[in-house]
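Structure at a glance
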Amino acid sequence: MSKRTKEKFALPELMSKKDYYDKTEVAYSVNSNQVKELISSSKHKKVLLVFFAHWCIPCHESMPDLRSFYLQKRDEIEIIFISSVDWLEVNSDRKMLNKYDFASHPMLSINMEPSS
């Protein structure tokens, strides 16, 4: 993949926990240590990590139940959505979250490339 294509489609990297919890962007590129930080810094005692992909039928089937669960427990839990697809497909995953009324939740995409 060319450097130009990569730069055009790249997600912003998550620079701080504050950025995530203040929701300045709808999707971030993160590494596993940053996910651990987000979990430990949540204001809620319980954090649910949801790994999903827009092409995953069981993911779609479970979203209405997840939405219902979240609405019942929103004061008690934090949901962190993690996209399991290539970052070029992140827009499709974002549309999926919007479809199930999770538009206000930021999404993370794990950066699998080694840092330079």
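What you see is a predicted model, and the numbers here were worked out from it, not measured in a lab.

All right, on to unusual backbone geometry then. For D101, which is not glycine, the phi dihedral falls at a positive 60°. Checked against the element boundaries, D101 lands in the loop between α5 (90-99) and β4 (107-110).

Okay, the packing of aromatic side chains next. Aromatic rings in a pair are described by how distant their centres are and how their planes are angled relative to each other. Evaluated as defined, the whole model comprises 4 aromatic pairs. Seen in terms of ring centroids, Y20 and Y21 are 5.0 Å apart; in terms of plane orientation they differ by 85°. Their pairing is edge-to-face. Put simply, the rings of F52, Y70, F81 and F102 touch in pairs and so form one group of aromatic residues. The ring of F102 has R67 sitting right over it, with the charged end atom 5.1 Å from the ring centre.

Residues F52, M63, L66, I79, F81, L97 and F102 are the most contacted members of the largest nonpolar core, which totals 19 residues. Those elements that provide at least two residues to this core are β2 (46-52), α4 (57-73), β3 (77-83) and α5. In contact with L66, other than residues within four places in its own chain, are L48, V50, I79, F81 and F102. With 9 residues, the next largest nonpolar core counts L14, Y28, I80 and I82 among its residues.

Another aspect to go through is the sheet that holds strand β1 (residues 27-30). Strand order across the open sheet formed by 4 strands is β1-β4-β3-β2, with parallel pairing between neighbours. Edge strands, defined here as strands with exactly one partner in the open sheet, are β1 and β2. Geometrically, the sheet is characterised by an average inter-axis angle of 30° between neighbouring strands, direction not taken into account. Contacts from helix α3 (residues 32-41) reach β1, β2, β3 and β4, with the element oriented near 120° to β1.

Next up on the list: α3. Listed in full, the buried residues belonging to α3 are Q34, V35 and L38. Buried residues along α3 cover an arc of 105° about the axis, so they all sit on one side. In this structure, α3 carries K36 and S40 as exposed residues pointing more than 90 degrees from its buried face. The backbone nitrogen of N33 has a side-chain oxygen 3.1 Å away, supplied by the residue at the start of α3, namely N31.

Taken as a whole, α5 has its buried residues at V90, D93, R94, M96 and L97. Taken down its axis, α5 places every buried residue within 155° of arc, on the same side. In α5, those exposed residues whose orientation departs by more than 90 degrees from the buried face are N91, K95 and K99. In this structure, the buried side of α5 is in contact with β1, β2, α4, β3 and β4. Phi for D101, located one or two positions after α5, is positive at around 60°.

Time to look at a nonpolar patch on the surface. Together, I39, L49 and F51 make up a nonpolar patch on the protein surface, roughly 250 Å² of accessible area in all. Structurally, the position occupied by L49 is in strand β2. The class for L49 is partly exposed, based on a relative accessible area of 31%.

Each value, and the rule that gives it
- Residues numbered from 1 in each chain as written.
- Predicted model: local features only at pLDDT ≥ 70, side-chain atom pairs only at ≥ 80, totals over all residues.
- Heavy atoms only, no water.
- Helix = DSSP H or I, 4+ residues; strand = E, 2+ residues; numbered from the N terminus.
- Phe/Tyr/Trp six-rings, centres within 6.5 Å; stacked < 30°, edge-to-face > 60°.
- Lys NZ or Arg CZ within 6 Å of the ring centre and 35° of its normal.
- Core = buried A, V, L, I, M, F, W, Y, C linked by side-chain atoms within 4.5 Å.
- Buried < 20%, exposed > 50% of the residue type's maximum accessible area, 1.4 Å probe, protein only.
- Contact = heavy atoms within 4.5 Å.
- Pairing = 2+ DSSP bridges.
- Axes fitted to C-alpha atoms, helices over the stretch in contact; angles between N-to-C directions.
- Arc of directions from axis to C-beta.
- Polar contact = N/O pair within 3.5 Å; in protein donor to acceptor, adjacent residues only side chain to side chain.
- Patch = residues over 30% accessible without salt bridge, like charges linked within 9 Å, V, L, I, M, F, W, Y side chains within 5 Å.
- Areas by Shrake-Rupley, 256 points an atom, 1.4 Å probe, with all protein chains shown as cover.
- Salt bridge = Lys/Arg side-chain N within 4 Å of Asp/Glu carboxyl O.

By themselves, these are just geometric observations and shouldn't be taken as functional.
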